[in-house]
Amino acid sequence: MNAGAPDIGAAGGNNGVDFDGTEAADEANSQAMQQCKAFEMALGMLAMRIVSDAQADLDSAMDDTEEDV
């Protein structure tokens with residue numbers, strides 16, 4: 001090791017950032033995967049809410065129809 005060089009350890013000294021200041025590929029990919037999963041989960045929750053509301057409206061309409069008979 002050079003006496004004037006900083007000790008960057010075995011893992012390197014970029015801490016997930018490339019030399020041009022952008023994120024390293026694995027960290028960016030991992031973050032993108034997490035965001036994708038979070039988006040899919042939120043989208044699924046929204047879809048379930050819409051389906052649930054539509055089912056409630058249908059049930060209400062069916063109840064009204066049965067009362068008219």
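All residue numbers here refer to positions counted from 1 along the written sequence of the relevant chain. For a predicted model such as this one, the threshold for reporting local features is a pLDDT of at least 70, and the threshold for listing and counting side-chain atom pairs is 80 or more; totals across whole chains, interfaces and linings nevertheless cover every residue. Processing note: side-chain calculations cover all non-hydrogen atoms of the structure and skip hydrogens and water entirely.

### A short note on the overall build of the chain
Counting secondary structure elements, the chain contains one helix and zero strands. Type-normalised accessible area, obtained with a 1.4 Å probe on protein chains alone, sets the label of each residue: buried when under 20%, exposed when over 50%, and partly exposed for intermediate values. Counting all 69 residues of the chain, 3% fall into the buried class. About 6200 Å² of surface is accessible on the chain, with carbon and sulfur atoms providing 58% of the total. Every helix listed is a DSSP run of H or I at least four residues long, and every strand listed is a run of E at least two residues long, numbered separately from the N terminus. Computed with a 1.4 Å probe, the accessible areas rest on the Shrake-Rupley method; for each residue, only the protein chains presented here act as cover.

### Notes on a negative patch on the surface
Taken together, the side chains of D59, D63, D64, E66 and E67 define an acidic patch exposed on the protein surface. Among the secondary structure elements, D63 is positioned in helix 1 (residues 25-68). Patch members must show over 30% relative accessible area and no salt bridge, and they are joined within 9 Å when carrying like charges or within 5 Å when they are nonpolar side chains of Val, Leu, Ile, Met, Phe, Trp or Tyr. The term salt bridge refers to a pairing of a side-chain nitrogen on Lys or Arg with a carboxyl oxygen on Asp or Glu at a separation within 4 Å. When charges are tallied, Lys and Arg are placed among the positive residues and Asp and Glu among the negative ones, while His and the ends of the chain are skipped. Note on charges: their place is set at NZ of Lys, CZ of Arg, CG of Asp or CD of Glu.

### Re the pattern of salt bridges
Opposite charge on two side chains lets them pair, provided their charged atoms get close. Evaluation of the coordinates by the stated rule reveals one salt bridge. R49 serves as the salt-bridge partner of D53, at 3.7 Å between the closest nitrogen and oxygen. With D53 and R49 both in helix 1, this residue pair falls four residues apart, about one helical turn. What makes D53 partly exposed here is its relative accessible area of 38%. Judged by its relative accessible area of 56%, R49 is exposed.

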